[in-house]
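Spelled out, the chains give:
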Amino acid sequence: GGADVLAGAVIGTYLHSNRKIAAVVVLASGVESVATDVAMQVAAMHPEYLKPEDVPAEVIGKEQDIYRQQLVSENKPAEMIAKILPGKLEKFYSEVCLVKQKFIKDDKLTIEQYLAQNQASHQMTYHAYNDLRESLLHLHVYNLVFHLYSELHSLQGLQQYGNQLQVTMQEKYY
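We now examine the overall build of the protein. The helix and strand inventory of the protein stands at 5 helices and 7 strands. Within the span of the protein, comprising 174 residues, buried residues form 39% of the whole. A separation threshold of at least 6 residues defines the contact pool for the protein, and within that pool the share at least 24 residues apart is 63%. For the protein, the exposed area adds up to about 10,000 Å²; of that, 52% sits on carbon and sulfur atoms.

Right under this line is the structure:
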């Protein structure tokens, strides 16, 4: 096993109703309800990256090659391909990057727009826990929530630690 140490000002957790998927989101600023909504998004949509800048160049290169081959096979002229490629990449980002995904509670907004609308920071970390054994997941998520609330209550406000709250979630895979 190992432990994830998550630090930040605002922590949101989400446990899916099947009790097999959980997510934790830590925002640099914002409110817990927004962090919880984003945690639900992470659990539902499984983003691979936070933002487009986090996608490795080789992954972008492979995607561009695939799109280029598709467009060439459709007999699109080179100048048209050059205009179409950026849009194809944007669509790719909207699938794999959390901040570019359509918000599951309101698909007129991206996560980026939802955060901005709620004065929440785009600076965040997140972790999804998928396909864990049901009993272990119960244990982990309730441990996490217990740690979070016991620490919050014992701190008498986050100011004491410069808004750094650390939560440890023990993982036990067998």
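The subject of this paragraph is helix H2 (residues 57–73). Note that an α-helix has 3.6 residues per turn; residues three or four places apart therefore point the same way. Between the first and last C-alpha of H2 there are 24 Å, a value that for 17 residues agrees with the 24 Å anticipated at 1.5 Å per step. Buried residues of H2: Ile 60, Glu 63, Tyr 67 and Leu 71, and no others. In a view along the axis of H2, the buried residues occupy a sector of 70°, so they form one face of it. Away from its buried face by more than 90 degrees, H2 exposes Glu 58, Lys 62, Gln 69 and Ser 73.

On to the pattern of salt bridges. Per the counting criterion, the structure on display carries 5 salt bridges. Two residues, Lys 51 and Asp 54, come together in a salt bridge whose shortest N-O distance is 3.2 Å. Residue class for Lys 51 comes out partly exposed when judged on its relative accessible area of 31%. Classification of Asp 54 by relative accessible area gives partly exposed; the value is 33%. Note that Asp 65 is salt-bridged to Arg 68, the shortest N-O span being 3.4 Å. Remark: Arg 68 and Asp 65 occur in helix H2; sequence separation between them is 3 residues, near one turn of the helix.

Here helix H3 (residues 78–96) is 19 residues long and its end C-alpha atoms lie 27 Å apart, about the 27 Å a rise of 1.5 Å per residue gives. At Ile 84, H3 shows its strongest bend, of approximately 30°, with the proline Pro 86 following within four residues. Restricting attention to buried positions, one finds in H3 the residues Ile 81, Leu 85, Leu 89, Phe 92, Tyr 93 and Val 96. Looking at the packing, one finds that the buried side of H3 touches H2.

The next subject is the side chain of Asp 37. If you trace the backbone, Asp 37 turns up in helix H1 (residues 32–45). Apart from residues lying up to four places away in sequence, Asp 37 is in contact with Phe 103, Lys 105 and Tyr 114.

A few words now on the nonpolar core. With 24 residues, the main nonpolar core has Val 25, Leu 27, Val 38, Leu 98, Leu 115 and Met 124 as its most contacted residues. Elements supplying a minimum of two residues to this core: strand E2 (10–15), strand E3 (22–27), H1, helix H4 (111–117) and strand E6 (124–129). With 6 residues, the single largest contributor to this core is H1. Beyond its immediate chain neighbours, meaning those up to four positions away, Leu 98 contacts Val 38, Gln 41, Val 42, Pro 47, Tyr 49, Leu 50, Ile 111, Met 124 and Tyr 126. In terms of nonpolar packing, the next biggest core, distinct from the first, is built from 12 residues, Tyr 49, Val 55, Leu 89 and Val 96 among them.

Looking now at the confidence of the model for the protein. In the predicted model, the protein carries a mean pLDDT of 75, and the fraction of residues at 70 or more is 68%. Strand E7 (residues 165–171) is the least confidently modelled element of the protein, averaging 35 in pLDDT, while strand E4 (residues 102–103) averages 97, the highest of any element.

Glancing now at unusual backbone geometry. Of note in this structure, His 46 is not a glycine but carries a positive phi near 45°. Secondary-structure assignment places His 46 in the loop between H1 and H2. Phi angles above zero are rare outside glycine, and Gln 119 is one such case at about 50°. Here Gln 119 lies in the loop between H4 and E6. Gln 119 gets classed as exposed once you look at its relative accessible area, which sits at 64%.

Calculation rules
- Residues numbered from 1 in each chain as written.
- Predicted model: local features only at pLDDT ≥ 70, side-chain atom pairs only at ≥ 80, totals over all residues.
- Heavy atoms only, no water.
- Helix = DSSP H or I, 4+ residues; strand = E, 2+ residues; numbered from the N terminus.
- Buried < 20%, exposed > 50% of the residue type's maximum accessible area, 1.4 Å probe, protein only.
- Contact = heavy atoms within 4.5 Å.
- Areas by Shrake-Rupley, 256 points an atom, 1.4 Å probe, with all protein chains shown as cover.
- Expected span 1.5 Å × (residues − 1).
- Arc of directions from axis to C-beta.
- Salt bridge = Lys/Arg side-chain N within 4 Å of Asp/Glu carboxyl O.
- Bend = angle between axes of the 7 residues up to and from the residue.
- Core = buried A, V, L, I, M, F, W, Y, C linked by side-chain atoms within 4.5 Å.
- pLDDT = per-residue confidence, 0-100.

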